[in-house]
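Tertiary structure, described
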Amino acid sequence: MGADRKLAKWDRLVEYYELIGQESDRVRVENVGSSTLGRPFLVLYVSAPENLARLDDYQRMNAILQDPRGHSQAAVDEAIAEGKVVFVQGYALHSTEVAASQAAAEIVWLFATRADPEIHEILDNTISILVPSMNPDGVDLVNEWYDRWVGTEYEAAQPPGLYHHYIGHDNNRDAFMQNTVESRYVADILFREWIPQGFIDHHQMGAYTARIYLPPYAEPIRPGADPLVWREMSWYGAHMAYRMEEEGFQGTVNSAIYSGWGHFGFHWITPFHNIAGMLTESASARLATPLYVHPDQLRGSRQLPEYEAQTTFPNPWPGGWWHVRDIVDRQISATFSPLEIAARNRETVLRNAWHKASRQTQRGAEGEVKAYIVPARQHDPLTMGKMVDKLLLQGITVEHSATGFTHEGRTYGPGSWVVSMAQPKQGVIRWLLGRTLYPDNSYTRNRDGDPIRPYDMSGDVIAEFMGVRVDEARTPVEADLEVVTERELPAGTVASSAPNGYRIDGALNDAFRAVNMLFGAGASLSRATEDAAGTKRGDFIVAAGVAGDTLNEVAAATGVSFAALDSAAGSAQSLSQQRIGMYQRYYGGNMDEGWTRWLIEDFGFEYTSLFDEEILMGDLPEGWGVLVLPAGSQEGVVARGLMVGFGLKYGSLFDEEILMGDLHERWDVIVLPADSKEGMLGREDPGQTPPDYQSGFGAEGVEALEAFVENGGTLVTFAQAGQLVLDEFDVPVRNAVAGMWGNEFWAPGSTLKVRVDTSSPFAYGMPEDALIAYLAGGQVYETVAGARSADVRRVLTYVDRDILQSGWLLGEEAIANKAAMVSVDHGEGQIVMIGFRAQHRAQTHGTFKLFFNALVGE
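In this text, all values refer to a predicted model and were calculated from it rather than measured experimentally. (Residues numbered from 1 in each chain as written. Predicted model: local features only at pLDDT ≥ 70, side-chain atom pairs only at ≥ 80, totals over all residues. Heavy atoms only, no water.)

This next bit is on the overall build of the protein. If you tally the helices and strands in the protein, you get 24 helices and 38 strands. Here the C-alpha atoms of the protein give a radius of gyration of 27 Å, agreeing with the 29 Å that 2.2 N^0.38 yields for 858 residues. Along the three orthogonal principal directions, the C-alpha set of the protein runs to about 80 × 70 × 55 Å. The 858 residues of the protein split such that 63% are buried. The contacts of the protein with a sequence gap of at least 6 include a subset with a gap of at least 24, amounting to 84%. Surface accessibility of the protein: about 29,600 Å² in total, with carbon and sulfur atoms responsible for 46%. Charge-centre separation for the protein: the mean point of 69 positive side chains lies 5 Å from the mean point of 115 negative side chains. (Helix = DSSP H or I, 4+ residues; strand = E, 2+ residues; numbered from the N terminus. Rg over C-alpha atoms; globule rule 2.2 N^0.38 Å. Buried < 20%, exposed > 50% of the residue type's maximum accessible area, 1.4 Å probe, protein only. Contact = heavy atoms within 4.5 Å. Areas by Shrake-Rupley, 256 points an atom, 1.4 Å probe, with all protein chains shown as cover. Lys, Arg positive; Asp, Glu negative; His and termini not counted. Charge placed at Lys NZ, Arg CZ, Asp CG, Glu CD.)

A word on the sheet that holds strand 20 (residues 502-504). Read from one edge of the open sheet, five strands run 23-20-22-21-24, paired in antiparallel fashion. The open sheet has two edge strands, strand 23 (563-564) and strand 24 (572-575), and neither has a second partner. As defined by bridge partners, strand 21 (residues 525-528) adjoins strand 22 (residues 540-542) across three bridges and the pair is classed as antiparallel. Of the residues in strand 22, the one forming a bridge with Ser 526 is Ile 541. (Pairing = 2+ DSSP bridges.)

Quick look at the sheet that holds strand 13 (residues 371-374) now. By definition, the strands of a sheet pair up through backbone hydrogen bonds, in either a parallel or an antiparallel sense. Read across the open sheet, the five strands follow the order 18-13-17-14-19; overall the sheet is antiparallel. Edge strands, defined here as strands with exactly one partner in the open sheet, are strand 18 (471-473) and strand 19 (482-484). Direction aside, neighbouring strands of the sheet carry axes that sit 35° apart on average. Bridge analysis of strand 14 (residues 398-400) against strand 17 (residues 417-420) gives two bridges, and the strand direction is antiparallel. Looking at strand 17, one finds that His 400 is bridged to Trp 417. (Axes fitted to C-alpha atoms, helices over the stretch in contact; angles between N-to-C directions.)

With the rule as written, the count across this model stands at 43 salt bridges. Of the charged contacts in the structure, one is a salt bridge between Arg 351 and Glu 347, with a shortest N-O distance of 3.7 Å. Here the residue Arg 351 and the residue Glu 347 both occupy positions in helix 12 (residues 346-366), the gap between them amounting to four residues, near one helical turn. When the shortest N-O distance is used, the salt bridge between Arg 410 and Asp 471 registers 3.1 Å. With Arg 410 in strand 16 (residues 410-412) and Asp 471 in strand 18, this residue pair connects regions lying 61 residues apart in the sequence. The exposure class of Asp 471 is buried, given its relative accessible area of 7%. Via salt bridges that share partners, Glu 118, Arg 243, Glu 246 and Glu 340 belong to a single interconnected network. (Salt bridge = Lys/Arg side-chain N within 4 Å of Asp/Glu carboxyl O.)

This part covers the packing of helix 6 (residues 117-125) against helix 11 (residues 324-344). As a packed pair, helix 6 and helix 11 sit with axes 9 Å apart at the nearest point and diverge in direction by 65°. Regarding the angle of helix 6 to helix 11, the classification is roughly perpendicular. As helix 6 runs across helix 11, the sense of the crossing is left-handed. Touching Glu 118, Ile 119, Glu 121, Ile 122 and Asn 125 of helix 6 are Phe 336, Leu 339, Glu 340, Ala 343 and Arg 344, all from helix 11. (Parallel < 35°, antiparallel > 145°, perpendicular 65-115°, else oblique. Left-handed = near helix turned anticlockwise from the far one by under 90°.)

The element strand 35 (residues 792-798) is extensively covered by neighbouring structure, given that five of its seven residues are classed as buried. Pairing between strand 32 (residues 750-756) and strand 35: three bridges, direction antiparallel. Residue pairing across strands places Val 754 opposite Tyr 798, the latter belonging to strand 35.

Turning our attention to unusual backbone geometry. The residue after Pro 215, namely Pro 216, is reached through a cis peptide bond having omega 5°. Positionally, Pro 216 belongs in the loop between strand 6 (212-214) and strand 7 (218-221). A cis geometry characterises the amide bond from Glu 219 onward to Pro 220, with omega recorded as 0°. Tracing the backbone shows Pro 220 in strand 7. The phi torsion at Arg 5 lies on the positive side, around 65°, for a residue other than glycine. Mapping Arg 5 onto the fold places it in the segment before helix 1 (10-23).

Relative orientation of the contacting elements helix 5 (residues 99-113) and helix 11 amounts to 50°, with a least axis distance of 9 Å. Considering their axes alone, helix 5 and helix 11 lie oblique with respect to each other. In terms of crossing hand, the pair formed by helix 5 and helix 11 is right-handed. Taking contact as the criterion, the partners of Ala 99, Ala 100, Ala 103, Glu 106, Ile 107, Leu 110 and Phe 111 in helix 5 are, on helix 11, Val 324, Arg 325, Ile 327, Val 328, Gln 331, Ile 332, Thr 335, Phe 336 and Leu 339. When grouped by side-chain class, the residues that make up the contact of helix 5 with helix 11 number 12 nonpolar, two polar and two charged. (Nonpolar A, V, L, I, M, F, W, Y, C, P; charged D, E, K, R; others polar.)

One can find Thr 535 in the loop between strand 21 and strand 22. In this structure Thr 535 touches Arg 503, Ala 528, Glu 530, Ile 541 and Leu 565, once residues within four positions along its chain are discounted.

Before going further, it helps to examine the side chain of Gln 378. Residue placement: Gln 378 occurs in the loop between strand 13 and helix 13 (381-393). Leaving out residues up to four positions away in the same chain, Gln 378 has contacts with Met 384, Val 468 and Arg 469.

Looking now at the confidence of the model for the protein. Of the residues in the protein, 94% have a pLDDT of 70 or more, and the chain-wide mean is 92. In the model, residues 633-652 has pLDDT below 50 throughout and makes 213 contacts with residues more than four positions away in sequence or in other chains. pLDDT under 50 marks residues 654-660. Its contacts with residues more than four places away, or in other chains, come to 81 contacts. (pLDDT = per-residue confidence, 0-100.)

Bringing helix 11 into the picture now. With 21 residues, helix 11 should reach 30 Å at 1.5 Å per residue; the first-to-last C-alpha distance of 31 Å fits that figure. Most of helix 11 sits out of view: 18 of its 21 residues are buried. (Expected span 1.5 Å × (residues − 1).)

In this structure the tally under the stated criterion is 40 aromatic pairs. Geometrically, the ring pair formed by Phe 272 and Trp 431 is edge-to-face, given 6.4 Å between the ring centres and 70° between the ring planes. Of this pair, Phe 272 sits in the loop between helix 10 (266-269) and strand 10 (276-283) while Trp 431 is found in helix 14 (residues 426-433), placing the two residues 159 residues apart along the sequence. By relative accessible area, Phe 272 is classed as buried at 1%. With relative accessibility at 4%, the residue Trp 431 sits in the buried group. Aromatic rings pair up to connect Phe 176, Trp 261, Phe 264, Phe 272, Trp 431, Tyr 438, Trp 741, Trp 746 and Trp 808 into one cluster. (Phe/Tyr/Trp six-rings, centres within 6.5 Å; stacked < 30°, edge-to-face > 60°.)

With that out of the way, let us pick up the pairing of strand 37 (residues 819-826). Among the eight residues of strand 37, seven are classified as buried, and the element is accordingly described as predominantly covered. Looking at chain direction, strand 35 and strand 37 are connected through five bridges and run antiparallel. In the sheet register, Leu 796 faces strand 37, and the bridge partner there is Met 821. Relative to strand 38 (residues 829-834), strand 37 runs antiparallel, the two sharing six bridges. Within strand 38, the position partnered with Met 821 by the bridge is Ile 834.

A word on the environment of Thr 714. With respect to the helices, strands and loops of the structure, Thr 714 is situated in strand 30 (residues 714-718). Here the alpha-carbon distance between Thr 714 and Glu 828, two residues 114 residues apart in the chain, equals 9.4 Å.

The terminal C-alpha atoms of helix 9 (residues 227-246) lie 29 Å apart, and with 20 residues this matches the ideal 28 Å at 1.5 Å per residue to within 8%. The N-terminus of helix 9 is capped by Asp 226, whose side-chain oxygen sits 2.8 Å from the backbone nitrogen of Leu 228. Once helix 9 finishes, Gly 248 follows within two positions and takes phi at roughly 85°, a positive value. (Polar contact = N/O pair within 3.5 Å; in protein donor to acceptor, adjacent residues only side chain to side chain.)

The next point concerns the environment of Val 628. Inspection of the secondary structure assignment puts Val 628 in strand 27 (residues 618-629). We classify Val 628 as buried; its relative accessible area is 0%. When the C-alpha positions of Val 628 and Pro 223 are compared, they lie 39 Å apart, and in sequence the two are 405 residues distant.

Quick look at the structure:
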């Protein structure tokens, strides 16, 4: 495996794994379900035959050690004496990192055929759970693309689109929300079914530094995990590196490049599950094509300041040809070497699993925060329920109050939830529910005092992302509570009689899913524009006459209730289903666009993807009412994924569709996910991309987009996609933080406080005070003085001080009292400029409505 220019596709790999499962009594193969695009998702269990015959027993013993609450010391001792070390390893999550899908096949073959004493020690004392591809669709998408161009001038060109149908490279940012089916398959194993002692995620990195990074992580670490976790990572990583040197593999580095405070993907969230969660990163070739690296091209990185020998990098690789087989060799070694010491020290590893779980439970019981309480009374109670579901997906113990209770002077109604910190996963709870401040110290600033950007977000607080109120409890909660392991969606209610029609609460995100289902059923809908008896501004009004079976079906599917209107609705704007177009480009795709696509599909919006050609055709106003420009590069993909479940109709627009013109004839709304202006207009191509996959709609496309707005269309931009409007349209708005960096202004992946103008149609259903997720590349708006100032309306405004809720913020004065979101009248249409990613990775439920409101239209 790993031969030059040869990549096995997933169907042949599946065939091989099934064959080896039939022929070897050491390997059990399970197909746990289908991938996003319908391919088999495999999980392999590898151990001695007698261990595989008793998997249920070992799973039971493992569960005692990972959560000893309620178990006797005798049961713990038995589990330590008789249990096996459980180790999960994942491969091929990022599909352009092609070696892992190939290495996994050879690794399984070695498990099945090796006859040396070391493999028998591993098989006897460990249970390996292997995920040979965490993204099966991507294996084929990339491998088929590569094979298409081998032997041509475009050999090793990067694929034009995302290698996960929706989220591309962001598929390892989904462990704490589990929006994709692939994430849920892996999380089932890691967080609920097994909770292993160790986990390794095998990846590739850039080509011009060390040949392989091994644990532990570099500084800073995210605190709150049991110290044994960090010691285990160092222990495993040292042995992995020791084996690499023994086998003659140059260029191995530990404790560098990747910091211990990263996104809450699988290898960074697992330490807080008391799992030694680790990462390997091998230097890349050019997909499956060898790469020649000159010595002067090799560079240092975080905690590897120079490409020179140091204690964690004693044997630098001198340069030369680098092949996929070189990566495969290292991934094979990195797979087996940690199992060697885990098997040799089985009882120690298992005893420490018990120590970690017990000590974390004790820390949670003795800590300042004893529990987090989620009140039943919420701005959007259905979204609160979804947040509880996310906690349950982590295997966290969550308790429900059916009757309500009073604690620390606050009354909590029936349906409130309590998450005690006195449990093994208290570290996960702390980071998902508690306010987070990213460290500001010598590890996070360079020698000149400038901040170093976090690896991803500087906080991952889902309560803040989702707009859910969570209260800290400083004393243990004493109430009549019931542990819940799975929450059923309560069906909404439908009034038995409603001659004047029905009201849907506009504060609910799921109201939009209901509205889209009703559009599909032919219902007549409007929206309240003023508060009136029985309705609030932003509520949806359903005209009488819709079949009761239809309403009951929508209420059951969404949880949304239909209340009877006491009288005819007051001031209301009639609604019609909008024609939504979303810009899509090549050059590896745009993750913000993909996430946005996922999201709007999830909420049932219908849409069309617009490429360059369709934009350039012209006549956009005739075809579309809303056009969406997602955020840049990875962020652009996020917007596409966001629309999947709420039932909106939409389409993806590529360059050719924009260039067709007549946009106003075909669309009501066009969405530009977060993307750079250059990514949309076109960039200089180095000649490595096939001509049919080069993107950019240029000046002609800009004219078509502006004509679309001027003829009555709605253009929606996220984050840096707004630069296209600021530079190319004549609008009286500027980016107040343009050119600012570092100590002047810095908010990398932070949640910030804003005030909301709830009278704006684009903010209907929002609370007056909210939190938004701001990422690097975001924009902040201020109005340019002049005759057209009245054309600009602030929708969201940053508060005047103490803007930071969680994360890291420098230079808050640069954004205080400035706009986070504006709407701009332009001709007969409007431009909605959201300076942040309101739909970020389909995680920020608290700001979804800011996007959805632009999609429902008139």
